[in-house]
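Structural description and commentary
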Amino acid sequence: MRQDAKEVMAMTFLSNAKYRMELSARGAMQSLVMQEDPAVMNWVVDPVYLQQAGYEDEDKLFGEWTLELNGKIIRSVDLKPIVIQEGEHRAAVEFDVFSVTIRFVYTLEEERFRWSIELSNRSAQAVRINGLHVWFSLAYIMFRDENVLRNMGESCAVFTHLGGDFTKFAAIRRSNEAPHLGIYQTGGRTVTAGSYCRYSNRFLEQVSPSLDGLLYHRLSLVEDGASMPASAAADWIYGNAYHALDLEPGQTSSWEYVFLPCQDQDDFYRQGAAFGHPHWSYTPVLTQGGIFQAEVGITQEQSIREIRLFSAPPGTEEIRREDITDQAIPVKGENGRFTLTLLRPAPGEHKLELVFEDGRSDILVWNVLEPIDIMLEKRAEWLVAHSYGSADGVGRPYAFRPLSNQGESLGKLTFLLMKNSMSAAVPEQVEKAEAAAVLDMKLHWFEDGDFTRPRPLYGGFYRIYDLDYIAHVFYLLSRMDAALLRLHPPRLYLEWAAEVICLRLNPDCHSRQREKEEAGLNGIFTLYIQDLLQALEEEGLVEWQEQLQQLWEQFGRNLQTEVQQYGGAITEHFYDNAGFGPTCETLCHLGNLDEAERYGQLILANIGFSNDYRVQNPDRWWEALSSMIHSLWGGLVSGSARVAYEHLGNPEYLEAAYRSTMAVFNCYDWNVRSTPRRLQPGEAASTYSVAAPNLNMPELSRNRFGQSVFVASSDPLFASLFSTVSGDDWDMGEELVAYLLGFGTTAYLYRDSSGKLRCVNGYVTEEADGWTITSYAAYPSRYLLLEDKVGFRSGQGQLQRQVRLQGGVFSACP
């Protein structure tokens, strides 16, 4: 829809020293710019870009809305509002809708931008509102542009903090360069935040990069649950907010949000505290028997009435409520600051609700996992019992289901092999992984099993990335005890791994341009390439070792030369954490730390932070068509953040890595009760859709799912890729390998800005002469205090759940 001259003339402009904003003739905000922003970023969805990209969704611009009034659906785009400019700093937009008036007011106040909404009943009769949904369309965009700097500087991730009276949103620029934007609710309640996705994916056209798109966010100020019935019925965490609003004659309900620039995550929370928002730090996920720790700061005007803890214990349908008010301990010398320490003996989701004397409340949503070694054992048992195809199976015998042409599906094999190398081996699990590798994988991805002839499984091309996963399987087979292998000796698998990864990294080995170009893109081989090189050297396979070393170093040099343009952030998609995560990791491994830090900033901007553990995931949207936890790339990007910490030393990477790794276990956790999709022990679903509602597919709202939901999709890409899919644990397993390589063994210690010793992936107990550290790792064997360059590693095959730190030295606890 092209704007004509009259409409342009009718636009409303507001500006002050801090902001410049523009309202359309309809009163929708189509531009919000910070005057001092070097990138001149528009923080809301720009209709000009929508026209350029072919996304004609002007009904979803910031400030458009939908109302369900007395059973009737009313949309703002069907109405003509009155726009009133009240000076250069304030404008009001009014809609008269039958018996009610909706009024939006936009006000610039020095550093702040204030947005208020009023819904008034003008009639002589009570009215019922079942839904009031306002589009909150921030610039959450993957631009169709190979200029990565645009995607970094003019797009943001949006991390939500919902529940109670202190809703807020962190809009973090993808470059991680301030200013970012914090949005704080200062009046009314936001029931939930949904999203709608528009995208274009040209993958099947043999175009790379192929994917772009954007999410429109939508705030539900009133929501009775009808837009996501399955989610609302299961959602014991937020479900008590889903109800209609009855407005009596002359009654008005109002909501207000304040927008303010922020420098980083800490500044986002500090500024929230200025608006009365409690300032929390807390343990988002722990394991059974672990300790939940939280600290909260409140203002002098606030007083705590009660702290309630709700939990969903396994094996029942009850929601347990406990009063834990007396467990909040004031911090000496810090008025308004309290600590909570809770031992949690049972797994399950938890909601902590802080209630003030004035009736307002704030919540934290956190989780207690089963011991992770038990989760991994159950997962391995499930795969062997339910996913493995027998020798006489239909289609592809010996393959693990669901069948896929994508190498990501081989994560089931790498997980089984990795788990069996770190714990007591189960011969049947190794045997089936080996059979799948030799009798299915090798023949399916290569013509007659010839590694020089990859099979074009995608019509006219093959995916370079598939080779990463294949080589990983062969490498892990080469690390297994020879007595566990049935088909070939370990040394042969090591040679196969080298041959495949050399093919992957060498553009001269490929005849088509797509494959030549993609050979220079990063992938998951960063998880194992250095270990593979060492193994080749140890086994005396000098020719392969030298060839791979040369290709690896050349690959790193190419990444170095592209760092100014951030070429490593492009994969098959225009901007992708599957690019900048492994690129940061590669540069770390090769010692290019300054260049790694550039990409590391993209990781930090990509990993969520929230009052809800399920919103602390690396930011992706293209499987769920909404913000999501994606098991595979959630875990792999989290792993890249952990590697960045070990090389760059910034605890921000460590904290981000841990909270996002633990969020990924939501895709495996059979004790979760807040999602419509329940899991059996060992079962898994590849994705969790964060938004509620997911307006593309409402059944996915706050739900776990796999690609089987797309079997009947009208989207030609989904219909082609997933038309025969039967399972929901799609492309899973490699993220568990990334976990096992880091948090699966290691607990980390660091000192915060006040000098206090903190533990990540465990907890610290302070004693008179030192500290005892207890690890949450599945196979605890390593402890690291990086800043002091001290650590502890147990002997081969030995587990060490607790250690002591005394006088700067670690020692084993008996």
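Residues numbered from 1 in each chain as written. Predicted model: local features only at pLDDT ≥ 70, side-chain atom pairs only at ≥ 80, totals over all residues. Heavy atoms only, no water.

1. Focus on the overall build of the protein chain
When its secondary structure is counted, the protein chain shows 19 helices and 38 strands. The globule rule puts the C-alpha radius of gyration for 814 residues at 28 Å, and the 27 Å found for the protein chain is close to it. Across its three principal axes, the protein chain shows a C-alpha extent of roughly 85 × 65 × 50 Å. Taking all 814 residues of the protein chain together, 62% fall into the buried category. Taking contacts inside the protein chain between residues at least 6 apart in sequence as the whole, the part at least 24 apart equals 65%. For the protein chain, the accessible surface area stands at approximately 29600 Å², while carbon and sulfur atoms represent 47% of it. When the 71 positive and 108 negative side-chain charges of the protein chain are each reduced to one mean point, those points stand 3 Å apart. (Helix = DSSP H or I, 4+ residues; strand = E, 2+ residues; numbered from the N terminus. Rg over C-alpha atoms; globule rule 2.2 N^0.38 Å. Buried < 20%, exposed > 50% of the residue type's maximum accessible area, 1.4 Å probe, protein only. Contact = heavy atoms within 4.5 Å. Areas by Shrake-Rupley, 256 points an atom, 1.4 Å probe, with all protein chains shown as cover. Lys, Arg positive; Asp, Glu negative; His and termini not counted. Charge placed at Lys NZ, Arg CZ, Asp CG, Glu CD.)

2. Focus on the environment of W622
Secondary-structure assignment places W622 in the loop between α15 (593-606) and β28 (628-630). Sequence separation of W622 and Q534 is 88 residues, and the distance between their C-alpha atoms is 37 Å. Among residues more than four places away in sequence, those in contact with W622 are M142, L211, H573, Y575, D576, M628 and F718. Within the structure, the side chain of W622 is placed 3.4 Å from the side chain of H573, a separation counted as a polar contact. (Polar contact = N/O pair within 3.5 Å; in protein donor to acceptor, adjacent residues only side chain to side chain.)

3. Thoughts on the sheet that holds strand β38 (residues 809-812)
The strand order across the open sheet formed by four strands is β33-β34-β37-β38, and the pairing between neighbours is antiparallel. Whereas interior strands pair on both sides, the edge strands pair on one side only; in this sheet they are β33 (762-767) and β38. Shown here is a sheet whose adjacent strand axes are inclined to one another by a mean of 25°, direction ignored. Strand direction decides the pairing type here: strand β37 (residues 802-806) and β38, joined by four bridges, are antiparallel. Looking at β38, one finds that R804 is bridged to S811. (Pairing = 2+ DSSP bridges. Axes fitted to C-alpha atoms, helices over the stretch in contact; angles between N-to-C directions.)

4. A word on helix α17 (residues 651-664)
An ideal rise of 1.5 Å per residue puts 20 Å on 14 residues; α17 measures up with 20 Å between its terminal C-alpha atoms. Counting buried positions along α17 gives 11 out of 14 residues, so the element sits mostly inside the fold. One side-chain oxygen of the residue at the start of α17 lies 2.9 Å from the amide nitrogen of E652, identifying that residue as N650. (Expected span 1.5 Å × (residues − 1).)

5. Re the packing of aromatic side chains
With the rule as written, the count across this model stands at 47 aromatic pairs. Seen in terms of ring centroids, F446 and F451 are 5.1 Å apart; in terms of plane orientation they differ by 85°. Their pairing is edge-to-face. Overall, F451 belongs to the buried group, its relative accessible area being 5%. Ring geometry for Y658 against F743: centres 5.2 Å apart, planes inclined by 75°, an arrangement best described as edge-to-face. (Phe/Tyr/Trp six-rings, centres within 6.5 Å; stacked < 30°, edge-to-face > 60°.)

6. Considering the packing of helix α14 (residues 577-589) against α15
Each pair of packed helices gets described by two things: the angle between the helix axes and the distance between those axes. As a packed pair, α14 and α15 sit with axes 8 Å apart at the nearest point and diverge in direction by 145°. The two elements α14 and α15 meet at a crossing, and its hand is left-handed. Listed contacts from α15 to N577, F580, G581, T583, C584, L587 and C588 of α14 are L593, E595, A596, Y599, G600, L602, I603 and N606. (Left-handed = near helix turned anticlockwise from the far one by under 90°.)

7. Comments concerning the pattern of salt bridges
Where charged atoms from two side chains of opposite charge come close, those side chains can pair. Counted under the stated rule, the structure contains 59 salt bridges. We note a salt bridge from R463 to D466, for which the minimum N-O separation is 2.6 Å. The class of D466 is buried, set by a relative accessible area of 2%. A salt bridge links E518 to R514; the nearest nitrogen and oxygen atoms lie 3.3 Å apart. With E518 and R514 both in helix α11 (residues 513-518) and four residues apart, the pair spans about one turn of that helix. Through salt bridges with shared partners, a single ionic network connects D57, D59, K60, R75, D78 and R198. (Salt bridge = Lys/Arg side-chain N within 4 Å of Asp/Glu carboxyl O.)

8. Describing the nonpolar core
Ranked by internal contacts, the top residues of the largest apolar core, which has 246 residues, are Y106, W115 and F474. Setting aside chain neighbours within four positions, we find F474 in contact with A437, M441, K442, F451, Y493, W496, A497 and V500. One finds A157, C262, F268 and F275 within the second-largest nonpolar core, a separate group that totals 13 residues. (Core = buried A, V, L, I, M, F, W, Y, C linked by side-chain atoms within 4.5 Å.)

9. Brief notes about the side chain of S116
Note that S116 resides in strand β9 (residues 112-121). In this structure S116 comes out as buried when scored by relative accessible area, which is 17%. In this structure, S116 is in contact with R103, F104, V105, W255 and E256, ignoring residues within four places of it in sequence.

10. Describing unusual backbone geometry
Residue A178 is joined to P179 through a cis peptide bond whose omega torsion reads 5°. Relative to the helices and strands, P179 is located in the loop between β13 (168-173) and β14 (180-187). Residue P402 is reached from R401 by a cis peptide bond, and omega for that bond is 0°. Its place among the elements puts P402 in the loop between α6 (372-387) and α7 (411-422).

11. Thoughts on the side chain of D612
Relative to the helices and strands, D612 is located in the loop between α15 and β28. At 2.9 Å, the side chain of D612 forms a polar contact with the side chain of R614. Residues contacting D612, with those up to four places away along its chain left out, are Y238, Y282 and V365.

12. Focus on the sheet that holds strand β8 (residues 100-109)
Pairing is antiparallel across the open sheet formed by eight strands, whose spatial order is β6-β7-β8-β9-β18-β14-β13-β12. At either end of the open sheet lies a strand with only one pairing partner, and these are β6 (82-85) and β12 (156-161). Along the sheet, successive strands turn relative to each other by an average axial angle of 15°, direction set aside. Here four bridges tie β13 to β14, and the two strands are oriented antiparallel to one another. Looking at the pairing, K168 lines up with Y184 of β14.

13. Section: the environment of R308
Here R308 shows up in strand β22 (residues 304-311). Residues within four places of R308 in sequence aside, it is in contact with R321, E322, K351, L352, E353 and V355. Here E306 takes part through its side chain, which lies 3.1 Å from a polar atom of the side chain of R308.

By themselves, these figures tell us nothing about what the structure is for.
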